[in-house]
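Residue-level structural notes
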Amino acid sequence: MTAYPPFSVLDLAPVPYGTNVGQALHNSLDLARHAESLGFHRYWLAEHHNMPGIASAATAVVIGHVAGGTKTIRVGSGGVMLPNHAPLMVAEQFGTLNALYPGRIDLGLGRAPGTDQATMRALRRYAGAVDSFAQDVVELRHWFQPAAPDQNVRAVPGEGQDVPIWILGSSTWGAQLAAALGLPYAFAAHFAPDALLDALLLYRRHFKPSETLAKPYAMVCIGVCAADTDAEATRLATSTQQQFLALRRGRPGLLPPPVEDIREHASPAELAGLDHTLQYAAIGSPGTVQRKIERILELTGADELMAASQIHDHGARKRSYEILADVMK
């Protein structure tokens, strides 16, 4: 049997139909407490903008909300989209979080805007911010270093704090940067599966040890929808499938309730696209989920596995993580 690494949670703070943002954020805290009690290692929240079905746009604020309501689980960003922010401000935000919850805060950094082009412009960062991502990561790391005696600009809070930085990716580009800087790397296979194996190979092959990390550490994020039966899990997973369809049709909205047969709501081409996007997702009963996870671990050799579960009913989402915890143990 495959040896299991640590398991973690990626929460997109879904806003299901019939609820609102406030309820979604209360659900996130409730799920984080549940994940903590089940033994999950870390709990990450993701930055998205102009998406009605995702409540974590102000990611640092939500991290504070979750960290303040939990005790031991690591809480962080999966991720902060650095092109949207000045590195100094990110250092101040996460320095503040780390001062409040020392030793529990992670800072995962992404290169994508986390939104559409019009919203990216409204965020008021300069047009070439994506192209300077590598430089911005280096600058951000600088702000966490102890300040020099004659340093005019300082990150307060932030300077001298040990906030672990991760590079997130959905292509090989981020893998190469993480390797060059000697940082841990997380791959978003839950929505971008194509480059997973190539990215992990490049990361491990070109990794340069650093003060942060002596050897490569790769985390893989997959979709998980677990239920007591395969049929129920398949039904619950149609909420995720509908959300992907709405996004690709240019009509993002709240997380829809499940339907009995997704084939009645999508064209053959769309169904093929969904199957491709969700090829690494573990959807099913406990045994089915266990077999899929063991296969993924064999393929990737992941040092850690992260699970994203977009399930409409909050109780069913908690149950999905309970099943995953049983598999983990």
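Cut-offs applied
- Residues numbered from 1 in each chain as written.
- Predicted model: local features only at pLDDT ≥ 70, side-chain atom pairs only at ≥ 80, totals over all residues.
- Heavy atoms only, no water.
- Axes fitted to C-alpha atoms, helices over the stretch in contact; angles between N-to-C directions.
- Helix = DSSP H or I, 4+ residues; strand = E, 2+ residues; numbered from the N terminus.
- Parallel < 35°, antiparallel > 145°, perpendicular 65-115°, else oblique.
- Left-handed = near helix turned anticlockwise from the far one by under 90°.
- Contact = heavy atoms within 4.5 Å.
- Salt bridge = Lys/Arg side-chain N within 4 Å of Asp/Glu carboxyl O.
- Buried < 20%, exposed > 50% of the residue type's maximum accessible area, 1.4 Å probe, protein only.
- Phe/Tyr/Trp six-rings, centres within 6.5 Å; stacked < 30°, edge-to-face > 60°.
- Arc of directions from axis to C-beta.
- Pairing = 2+ DSSP bridges.
- Right-handed = clockwise from strand over helix to strand, strands pointing away.
- Core = buried A, V, L, I, M, F, W, Y, C linked by side-chain atoms within 4.5 Å.

A word on the packing of helix 1 (residues 21–38) against helix 2 (residues 59–68)
Interaxial distance between helix 1 and helix 2 falls to 9 Å at its minimum, and their mutual angle equals 45°. Considering their axes alone, helix 1 and helix 2 lie oblique with respect to each other. Considering only the axes of helix 1 and helix 2, their crossing is right-handed. Facing Leu25, His26, Leu29 and Ala32 of helix 1, the residues of helix 2 in contact are Val62, His65 and Val66.

As for the pattern of salt bridges
If you walk through the whole model with that rule in mind, you get 11 salt bridges. Measuring nitrogen to oxygen at the nearest pair gives 2.7 Å for the salt bridge that ties Arg42 to Asp106. You can see Arg42 sitting in strand 2 (residues 42–45) and its partner Asp106 sitting in strand 4 (residues 105–110), a full 64 residues away along the chain. With a closest N to O distance of 2.7 Å, Asp228 and Arg319 form a salt bridge. Taken as a pair, Asp228 in the loop between strand 7 (218–226) and helix 8 (230–236) and Arg319 in helix 12 (residues 314–328) lie far apart in primary sequence, 91 residues in all. Using a relative accessible area of 31% as the deciding quantity, one classes Arg319 as partly exposed.

Things to note about the side chain of Ser239
The residue Ser239 is located in helix 9 (residues 238–248) in this model. Sequence-distant contacts of Ser239, defined by excluding residues within four places in its chain, comprise Leu255, Pro256, Pro257, Pro258, Gln310 and His312.

Things to note about the packing of aromatic side chains
Applying the stated criterion across every chain yields a total of eight aromatic pairs. Between the aromatic rings of Phe40 and Tyr321, the centroid separation amounts to 5.7 Å while the plane-to-plane angle is 85°, which identifies the pairing as edge-to-face. Note that Phe40 is positioned in the loop between helix 1 and strand 2 and Tyr321 in helix 12, a separation of 281 residues in sequence. With a centroid separation of 5.8 Å and an interplanar angle of 80°, the aromatic rings of Trp166 and Tyr217 are classed as edge-to-face. Of the two residues, Trp166 is situated in strand 5 (residues 165–169) and Tyr217 in the loop between helix 7 (196–206) and strand 7; the sequence distance between them amounts to 51 residues. On the basis of relative accessibility, which here comes to 3%, the residue Trp166 falls in the buried class.

A look at unusual backbone geometry
Cis geometry is found at the peptide bond from Gly78 to Gly79, where omega equals 10°. With respect to the helices, strands and loops of the structure, Gly79 is situated in strand 3 (residues 74–81). Residue Pro157 follows Val156 across a cis peptide bond; omega there is -5°. Checked against the element boundaries, Pro157 lands in the loop between helix 5 (133–143) and strand 5. Positive phi outside glycine occurs at Ala13, with the angle close to 45°. One can find Ala13 in the loop between strand 1 (7–11) and helix 1. Of note, the phi angle at Asn50 is positive, near 60°, even though the residue is not glycine.

What to know about helix 5
Within helix 5, burial applies to Phe133, Asp136, Val137, Leu140 and Trp143. Here the buried residues of helix 5 occupy an arc of 120° about the axis, which is enough to place them on one side.

Here's the deal with the pairing of strand 7
Taking burial as the measure, the nine residues of strand 7 include nine buried ones, the bulk of the element. Of the two faces of strand 7, the one carrying Ala218, Val220, Ile222, Val224 and Ala226 and the one carrying Met219, Cys221, Gly223 and Cys225 are both buried. Pairing between strand 6 (residues 185–188) and strand 7: four bridges, direction parallel. Paired with Tyr185 across the strands is Ala218, a residue of strand 7. In this fold, the crossover linking strand 6 to strand 7 by way of helix 7 has right-handed handedness. Here strand 7 pairs with strand 9 (residues 304–308) via five bridges, running parallel. Opposite Met219, over in strand 9, you have Glu304 as the bridge partner.

Points about the nonpolar core
Core analysis: the largest hydrophobic core is formed by 70 residues, its most contacted members being Phe40, Phe94, Leu107 and Ile222. In this structure, Phe94 is in contact with Ala60, Ile63, Ser77, Val80, Ile105, Asp106, Leu107, Phe144 and Val163, ignoring residues within four places of it in sequence. Formed by 11 residues, the second largest nonpolar core is a distinct cluster that contains Ala186, Met219, Cys221 and Met306.

Examining helix 9
Among the 11 residues of helix 9, eight are classified as buried, and the element is accordingly described as predominantly covered. Here helix 9 has its buried residues at Thr238, Ser239, Thr240, Gln241, Gln242, Gln243, Phe244 and Leu245. At its buried positions, helix 9 is contacted by helix 8 and helix 10 (268–277). Note on helix 9: the residue one or two positions beyond its end, Gly250, has a positive phi of about 75°.

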